[in-house]
Amino acid sequence: MNAGNFFNLFLSLGVLGLAACIVRKDRLRTIVITVLALLQSLALVACGILIQIHQTPIHVELWRLGPVNLSLYLTPLGSLFAVITAVVFASCYSFAAASHETKAGTERRANRTFLALFQLFYIAIILVIAAGDVLTFAFWWEVVSGLIYGLVLFEQANVRSVRAAYSALAMSEVGSLAGIVGLLILAACSGHTAFAAIAATKTGPGETARWLIFLLTFYGFGVKAGLVPVNQWLPDTHTVAPRSLSPVLSGATLNLGIYAIFLVNMKLAPVTEVGPGIVALIIGGLGAIIGIVYAATQTDLKRALAHSSIENMGIVTAGIGAGFIFWQTGHTVLAGMAFVAALYHMTNHSFYKALLFLGAGGIEASTGTHDLNKLGGLSRRMPAMAFLFLVGTLSISAVPPFNGFVSEWLTLQSVLRSVELSSRSVRLCFVLTGALLALAAGLALTCFLMIYASGFLGMAHSDAAQEARGAPRSAVWGMGALAILCLLLGIGPTYVIPSLDRVVSPITHTQTAEALVPNFFHVTRESPGHLNPGFVSDFHDLGAQVGHRFLPGRGLVVLHQGGKSNPVVFAMSTAYTLVVLILLVIFAYVIFHGLTRAREAKRSNAWAGGLPRLLPQMTYNFTGLSAPVRVIFETVFKPLRERTIETVGGHFRTSIRVEERQEHILDRVLTRPILAGLLWVANHFRKMHRGQVNVYAAYVLLSLLVVLLIGVGGF
Amino acid sequence: MGKAQLQRTDWHSIAAALAERFSAEARMELDYGRETWIVECPPGRLRDIAQWLRNDLGYSFGSLVVEQVAAGWEVTYLFPESTGKGWIYLVVRLKEGDDTLPSISDLVYAADWPEREAEDLFGLHFSGHPKLGEFVLHEHWPEGVNPMRREFAASQEAPRGRSPLPLYPSPILEAPGAMALPIGPVFSDFAESAQYILETTGEEMIRVVPRFFYKYRAVEKIAEGKRAEDVLLLAERFSGSSAFAHGLAFCQAIEAISKARVPRRAAQLRCLFAELERLRHHSSHIAAICGSTGLDVAQAQAAIIEEELLRLSCVVAGHRYLFGVMCPGGVSLDLNRHALEEISNRVANLGERLLALHDGLRYSSSFLDRIEEVGVVSTENARAFSLVGPLARASGLSEDFRVLFPYAGYERLKVQVATEEEGDGYARLRVLFREATESIRLIRELAASLVDGEVRAPVEPKPGVGLGTVEAPIGAALHWVRLNEEGRVVRYRVESPSFRNWLGFRIALEGFGFQDFPIILATFGLSNAECDR
Amino acid sequence: MLHWLGKGLTTGIKSSAYPASPDKNPGVTPGRPVATRMGPDMSQFVADRCPGHCFTPRANGVDVDYRTCILCNRCRRDTPAVVHWEEGYEWGVQMSAQSVHERLNSAFGRSLHIRFVDAGACGACMSEARLLNNPYYNMHRLGFFTTATPRQADILLVAGPLSDAMREPLRQTYDAMPEPKRVVAMGVCAISGGIFGKSFASAGGIAECIPVDVVVSGCPPPPLAILHGLLLVVNRVPPSSLASALDAESGP
């Protein structure tokens with residue numbers, strides 16, 4: 001079986017899955033659909049792995065439409081995205097297919113049409129990735145946008161969701177338009193519409209054309225990726241989306257934008273100037289900080305996760321921007337490192353964000369709410385879900401040994417490598433972006449710890465949380481699989497980086513794996529290979545060979561070598577760290593247990609200052625925990641506060657109402673002024689329309705005169 | 001005309017005005033001895049007269065005394081005139097079985113807490129008061145049992161039996177994520193037991209509801225039936241940090257009933273000891289303010305001054321807190337020339353150290369940052385809530401009972417009243433330093449000019465009612481005593497300055513952050529023991 | 001900032017030498033009455049006069065019970081026969097043999113955390129308790145520290161006659177403390193209710209609610225007496241007694 005066969009298997013299973021939605025019996029349908037989806041994803045993963053191993057893309061010619069050849073072209077780059085999508089869908093499918101009981105006891109049956117559209121959505125996303133020419137790409141891109149609109153609107157028809165879906169569609173369409181125009185310009189410049197052909201052309205577009213292509217595609221496809229400043233649709237859409245759709249929206253569709261940007265600007269028309277890289281870098285840094293600052297102050301769990309997606313996409317974009325700049329200045333190894341870091345972060349984000357959104361969906365299924373101020377104490381009611389959500393929290397906060405740590409660390413290290421650049425202004429941009437990324441990382445830890453604490457720890461702040469039943473098993477299974485992946489991706493960077501290298505090196509033409517993962521398992525003092533012997537013996541003494549007897553691969557240490565004065569630029573090993581951590585925990589437990597064997601632990605109520613009863617509203621909730629962030633970043637939020645106090649009898653207050661209204665900083669700084677400007681221009685143009693026939697007749701005459709002058713007079 | 005005569009003319013004009021407005025309904029008589037008008041008014045006209053006194057004539061509010069008499073209830077509202085002209089008592093009588101009065105708490109804010117206290121302890125209902133209930137007696141106390149009534153014996157056990165309410169006081173803040181954070185009753189290292197509920201959405205205290213009477217020991221109830229000299233022990237010890245002042249107020253009430261004259265030397269000694277106590281109390285207060293902001297060296301300096309004053313009191317008077325020095329008719333011990341010199345020299349030395357401390361604090365900008373413009377009580381609020389003492393004087397009011405209604409030897413002393421305008425924590429600190437310096441000056445003046453004579457006159461117990469008013473270190477204190485024929489106490493009412501000033505605490509807190517709470521608490525320097533009795 | 005540093009350094013050391021050597025400074029203690037010899041009539045007169053009924057008249061004098069003595073000074077000012085007073089301050093008394101805990105002494109003798117609870121105390125006891133960390137007494141040099149959470153406290157120091165509303169909070173504070181823990185009641189109010197006695201509002205002492213290990217009498221007990229009580233819990237000083245009897249006294 002080769003990759004092509006697996007791809008066909010994927011498509012056929014997809015069609016079967018579509019057909020299976022007709023089954024009436026709920027349990028049977030759930031099982032059939034889940035099994036089919038799992039098999040489908042397995043097929044796709046196998047396909048992707050085979051493409052990466054053999055480094056041969058799948059090239060399928062479809063039909064001929066006039067002068068254009070429609071084709072499918074799944075490259076190693078695309079296969080990475082396909083594998084990620086497959087894993088995300090596999091973990092969410094059982095949650096989507098299962099029927100959930102709502103709190104009121106009424107069965108909410110997963111709607112069959114929803115499931116059919118969901119399957120179509122899956123196939124459409126893969127076909128966007130596998131598209132081989134501009135027309136196929138554009139077609140399936142539009143299908144994806146349309147399906148997002150339809151799926152988001154599916155279960156609730158209230159004003160909020162309609163508005164969110166509509167804004168997503170509108171912005172997405174404008175973006176698609178810009179992106180497709182960019183692709184068309186690229187096709188026109190190179191004379192082909194097929195991607196393979198465009199990539200193979202020797203002379204690319206000219207300088208202006210390249211800038212135009214970059215700007216159009218970066219803006220256009222950046223809308224889908226959730227880049228600042230065109231991501232206003234993201235928080236609303238992800239919040240109102242049905243609970244099984246949100247993980248996929250965050251985990252799979254945001255990557256499409258990154259795929260498109262990367263494809264156009266590295267594969268099809270590689271960047272030849274520093275400018276695009278700087279734009280991407282700055283936009284990434286701004287996205288990171290704005291995303292996380294807003295995430296830390298949202299009381300709605302899903303909205304906070306959506307803003308956090310903006311932050312993570314910002315980090316990915318910054319990594320890609322850094323890669324562009326390194327590539328353009330000739331540091332190809334560093335470019336490879338930056339791209340690997342960015343793609344690693346994108347992968348990690350897909351997994352842990354899907355994990356967190358599944359958690360949010362599970363919480364909503366058992367408590368009926370995702371307002372953090374109303375949750376609390378859930379770790380006692382749903383211990384498995386709490387543990388897995390904790391894994392997701394630690395991953396997204398970049399805590400070792402989970403995956404978020406590795407990718408953020410690598411991204412920051414790549415940004416730090418800007419010392420090897422010569423241009424001072426470029427280095428300055430790197431420094432600024434690095435500072436923004438570091439601040440964002442710190443805030444992310446704060447944000448997610450607050451979210452976890454107010455959601456799962458402490459006392460339940462509402463009846464809904466107090467009486468929550470266990471989380472739905474379909475969600476917990478999916479979360480479990482993703483959590484295991486998070487751990488594996490965290491302790492196994494030395495396996496992931498070579499795989500990502502297979503994706504990146506055809507584009508950068510360098511071996512990043514060599515630069516990042518030294519082959520400690522296979523070199524010895526006697527035959528050091530590329531490394532110098534003293535170096536090898538030092539690291540073997542430190543234990544870099546531990547595990548070489550039973551583990552495959554190159555080693556467990558990620559290390560970047562420098563020159564003579566600085567032999568090791570950076571090094572780390574999460575696998576060894578995990579081992580040491582486990583040993584330390586065991587050691588501490590043994591010591592503690594030994595020391596306190598004679599003592600008796602006494603349990604009593606929490607100390608509350610002598611209160612007769614501690615009520616939930618007397619304990620900190622999310623709003624209280626996030627108050628410092630709101631106060632520190634007040635210039636960003638600029639909230640409008642209104643306080644109404646009702647008094648009786650002169651000085652007895654009977655009610656104090658505090659209302660706060662906030663406008664997003666991007667709306668305040670960009671959208672509203674732009675709209676105001678456009679309206680101003682439009683208002684002035686309105687003066688043309690006086691409503692009198694004579695005026696319009698005069699316009700007709702005037703334009704005729706102008707045309708005659710131009711045509712006849714030869715201007 | 002003599003002062004008394006002048007006052008009588010004023011009084012007659014007031015009487016005329018009263019007659020004009022409220023003619024047949026209010027009956028008034030003037031008690032020349034006490035320089036007090038007693039106005040009998042029906043419950044229906046209570047609000048109008050109270051409003052007229054407060055707004056038109058500028059009377060402040062003193063206290064509300066409820067007495068259970070044979071025919072029902074006798075409720076006396078005490079109104080002192082804010083420039084010291086005299087007092088007006090509004091007496092309202094209710095028949096047996098009728099226990100409803102109109103509330104005046106919307107006109108006279110300072111009557112809010114006395115009315116709530118009367119409702120809890122006596123069962124009187126003040127119609128129109130929006131917040132009656134669970135004030136002195138907390139949730140577990142059953143409804144309908146009122147301990148201050150004659151039928152209830154002090155020695156019986158506290159009744160139990162009610163399940164706790166959901167949350168007292170109920171939160172009124174409507175905002176996303178509003179919380180009601182509790183502080184206390186057991187909190188901090190050496191804080192007095194009291195509870196504060198902070199309604200907040202994060203860093204700012206939007207509404208603060210203090211809850212007191214965790215230290216209620218029913219002083220007014222257990223005093224009933226005791227001899228005056230035993231009740232003096234209670235009067236001294238319910239608030240040990242102002243023991244002498246409260247003891248003095250009680251003795252003045254007893255002396256007013258018996259019309260006893262206190263010898264001049266005794267009166268001067270009373271002033272001296274009162275100022276010594278005020279000096280020590282203010283040093284302790286300054287130490288607390290410095291400690292609350294973390295300026296430990298300044299706190300230690302002020303604490304050294306406080307301890308030296310305590311030791312001085314112990315050496316000259318036999319007790320560190322001046323317990324047992326007061327007695328009806330005078331003081332219980334005399335000071336010889338040596339003792340007076342010692343006192344004079346020591347307080348002079350302490351005065352220099354206080355000034356040095358003030359200088360140091362004046363230039364500590366990190367310290368000033370924490371107390372300047374923090375915990376502001378505006379002049380309007382101070383006047384509206386009838387706040388008293390150094391707290392009110394820091395907010396622009398200049399009322400001091402040593403000047404308005406002089407007692408003991410203060411008639412012959414010219415007390416300089418320290419006033420500041422801003423009403424923030426720094427203003428309160430400056431008032432404390434200035435009053436401490438003034439106390440030192442008064443002590444030295446008294447020590448130098450003490451006349452010879454007896455220090456104690458005999459006091460025959462007589463039936464009757466008397467009011468003793470003093471300027472305690474925290475503010476104006478009123479002790480109302482009614483004795484029967486055997487000289488035993490029938491009714492003992494204490495209006496303490498802390499009880500009055502805690503009412504204004506929440507005004508100072510609201511709008512500031514959590515970190516300012518202990519500092520504002522320290523700059524207020526009030527006592528829960530004095531408030532709760 | 002330097003100003004305060006200089007101020008602190010130039011003020012020098014003011015700490016009392018107690019318990020290494022007795023503190024004889026004037027004014028550190030108000031003193032208390034001791035058993036005095038006098039005739040039977042005088043004894044009866046003195047016993048009747050005392051508002052706290054502290055004196056037990058005997059044939060040849062009066063004995064004193066410190067559980068109710070509020071230091072009102074009437075026995076030496078208002079009576080023709082003057083009762084003698086002592087100027088000491090070591091007033092701490094163990095209530096039971098288990099009061100002094102061996103392990104507490106050896107393990108925590110020089111590092112004890114105190115949680116203070118105000119069970120209705122008047123300002124005098126509060127003030128004396130706050131003076132424990134005053135430069136003159138400086139309990140830190142003896143290894144005593146205060147803590148705001150009972151979870152980390154070894155000693156519960158209580159003052160006040162136990163007002164009704166503080167019963168439950170005091171009980172909760174005691175329950176929240178881990179073993180080993182000891183309770184020190186300071187002031188006559190915490191022992192017997194003081195002048196507030198037993199009523200519906202005052203329980204008449206904290207022993208009604210929690211077990212008491214060491215009591216320190218006095219109204220208020222001076223800081224040195226409170227220190228004596230605290231040191232007594234860890235067996236660093238010898239105890240005193242709650243009464244003064246004529247046979248025990250060797251005085252006139």
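Note that this is a predicted model, so its numbers are computed, not measured. (Residues numbered from 1 in each chain as written. Chains lettered and ligands numbered in written order. Predicted model: local features only at pLDDT ≥ 70, side-chain atom pairs only at ≥ 80, totals over all residues. Heavy atoms only, no water.)

Chemist: I'm lost on the interface of chain C and chain B in this one. Help?
Modeler: A common way to report how large an interface is uses the accessible area buried once the components associate. In this assembly, 63 residues from chain C lie in contact with 71 residues from chain B. For the chain C and chain B pair, buried surface summed over both sides reaches about 5,200 Å², with 60% attributable to carbon and sulfur atoms. When residues of chain C are sorted by the area they lose upon contact with chain B, W4, R77 and F200 of chain C head the list and together hold 16% of the total. The interface formed by chain C and chain B includes three salt bridges. For R49 of chain C, the salt bridge is made with E229 of chain B, and the minimal N-O distance between the two is 3.9 Å. The interface formed by chain C and chain B holds 27 residue pairs in polar contact (both at pLDDT 80 or more) in total. Contributions of two or more residues to the side of chain C that touches chain B are made by α1 (2–11), α3 (74–77), β7 (112–118), α5 (123–130) and α6 (167–176) of chain C. Considering every element that reaches the side of chain C that touches chain B, the biggest residue donor is α5 of chain C, with seven residues. Tallied by class, residues from the side of chain C that touches chain B come to 33 nonpolar, 16 polar and 14 charged. (Contact = heavy atoms within 4.5 Å. Buried area = accessible area lost by both parts, 1.4 Å probe. Salt bridge = Lys/Arg side-chain N within 4 Å of Asp/Glu carboxyl O. Polar contact = N/O pair within 3.5 Å; in protein donor to acceptor, adjacent residues only side chain to side chain. Helix = DSSP H or I, 4+ residues; strand = E, 2+ residues; numbered from the N terminus. Nonpolar A, V, L, I, M, F, W, Y, C, P; charged D, E, K, R; others polar.)

Chemist: Teacher, can you tell me more about the nonpolar core here?
Modeler: Note that soluble globular proteins tend to have their nonpolar side chains buried in a common cluster. Grouped together as the largest cluster of nonpolar side chains are 199 residues, with contacts concentrated most on F7, F121, F137 and L410 of chain A. Broken down by element, the residue count for this core peaks at 20 residues, all from helix α13 (residues 332–367) of chain A. Contacts of F7 of chain A, omitting those with residues within four sequence positions, involve L44, C47, I58, L72, L74, I126, L127 and A130 of chain A. In terms of nonpolar packing, the next biggest core, distinct from the first, is built from 96 residues, F273, L413, F433 and L483 of chain B among them. (Core = buried A, V, L, I, M, F, W, Y, C linked by side-chain atoms within 4.5 Å. Buried < 20%, exposed > 50% of the residue type's maximum accessible area, 1.4 Å probe, protein only.)

Chemist: What exactly am I supposed to notice about the sheet that holds strand β10 (residues 195–200) of chain B here?
Modeler: Strand pairing in a sheet takes place through backbone hydrogen bonds and is either antiparallel or parallel in direction. Residue and element names in this part refer to chain B. Spatially, three strands are ordered β9-β10-β11 in an open sheet, and the strand pairing comes out antiparallel. Unpaired on one side and paired on the other, β9 (179–183) and β11 (205–211) mark the two borders of the sheet. In this sheet, neighbouring strand axes are inclined to one another by 20° on average, regardless of whether the strands run parallel or antiparallel. In the sheet, β10 pairs with β11 via six bridges, with the strands oriented antiparallel. The residue bridging Y196 from the neighbouring strand is P210, located in β11. (Pairing = 2+ DSSP bridges. Axes fitted to C-alpha atoms, helices over the stretch in contact; angles between N-to-C directions.)

Chemist: Sorry if this is basic, but what is going on with the pattern of salt bridges here?
Modeler: Note on pairing: side chains with opposite charge can pair once their charged atoms come close. If you walk through the whole model with that rule in mind, you get 62 salt bridges over all chains. Its salt-bridge partner being E663 of chain A, residue R672 of chain A comes within 2.5 Å of it at the nearest N-O pair. Ionic pairing is found between E275 of chain B and R402 of chain B, a salt bridge with its closest N-O pair at 3.1 Å. Of the two residues, E275 of chain B sits in helix α7 (residues 264–292) while R402 of chain B sits in helix α13 (residues 401–404), which places them 127 residues apart along the sequence. Of the two residues examined, E275 of chain B and R402 of chain B, each falls in the buried class. Each of E117, E220, R491, R493, E495, R500 and R533 of chain B takes part in one network of salt bridges that share partners.

Chemist: Any chance you could explain the side chain of T237 of chain A here in plain terms?
Modeler: Residue and element names in this part refer to chain A. With respect to the helices and strands, the residue T237 is situated in helix α9 (residues 233–240). Here W233 takes part through its backbone oxygen, which lies 2.6 Å from a polar atom of the side chain of T237. Residues within four places of T237 in sequence aside, it is in contact with V152, A164, A168 and L249.

Chemist: Hey, could you run me through the interface of chain C and chain A in this one?
Modeler: With 11 residues of chain C at the contact, the number on the chain A side is eight residues. Summed over both sides, the interface of chain C with chain A buries roughly 650 Å², with 46% coming from carbon and sulfur. At the boundary of chain C with chain A, the tally comes to zero salt bridges. Summed over the shared surface of chain C and chain A, the number is four residue pairs in polar contact (both at pLDDT 80 or more).

Chemist: So what exactly am I meant to see when it comes to the pairing of strand β10 (residues 182–186) of chain C here?
Modeler: It is a general feature of regular strands that their side chains alternate between the two faces of the sheet. Residues and elements named next belong to chain C. Here β10 lies mainly inside the structure; five of its five residues are buried. Neither face of β10 is exposed, since R182, V184 and M186 on one face and V183 and A185 on the opposite face are all buried. Strand direction decides the pairing type here: strand β9 (residues 155–159) and β10, joined by five bridges, are parallel. From the neighbouring strand, V158 faces β10, where its bridge partner is A185. In this region the chain leaves β9, passes through α6 and returns to the parallel neighbour β10; the handedness of that crossover is right-handed. Note: β10 against strand β11 (residues 214–216), three bridges, orientation parallel. Within β11, the position partnered with V184 by the bridge is V214. (Right-handed = clockwise from strand over helix to strand, strands pointing away.)

Chemist: Which parts of the structure should I look at to understand the environment of L397 of chain B?
Modeler: Residue and element names in this part refer to chain B. For L397, the position within the fold is in the loop between α12 (389–393) and α13. Each C-alpha atom, one on L397 and one on L509, is 20 Å from the other, the two residues being 112 residues apart in sequence. Among residues more than four places away in sequence, those in contact with L397 are T379, A382, R383, L387, A392 and T419.

Chemist: Sorry if this is basic, but what is going on with the pairing of β10 of chain B here?
Modeler: Residue and element names in this part refer to chain B. When you tally the buried positions in β10, you get six out of six residues, the bulk of the element. Alternating residues of β10 divide into Q195, I197 and E199 and Y196, L198 and T200, and every residue in both groups is buried. Pairing analysis gives five bridges linking β9 to β10, with the strands arranged antiparallel. Across the sheet, M179 pairs through a bridge with T200, a residue of β10. Linking β10 back to β11 in an antiparallel pair, the connection comprises four residues, with G202 at a positive phi of about 150°.

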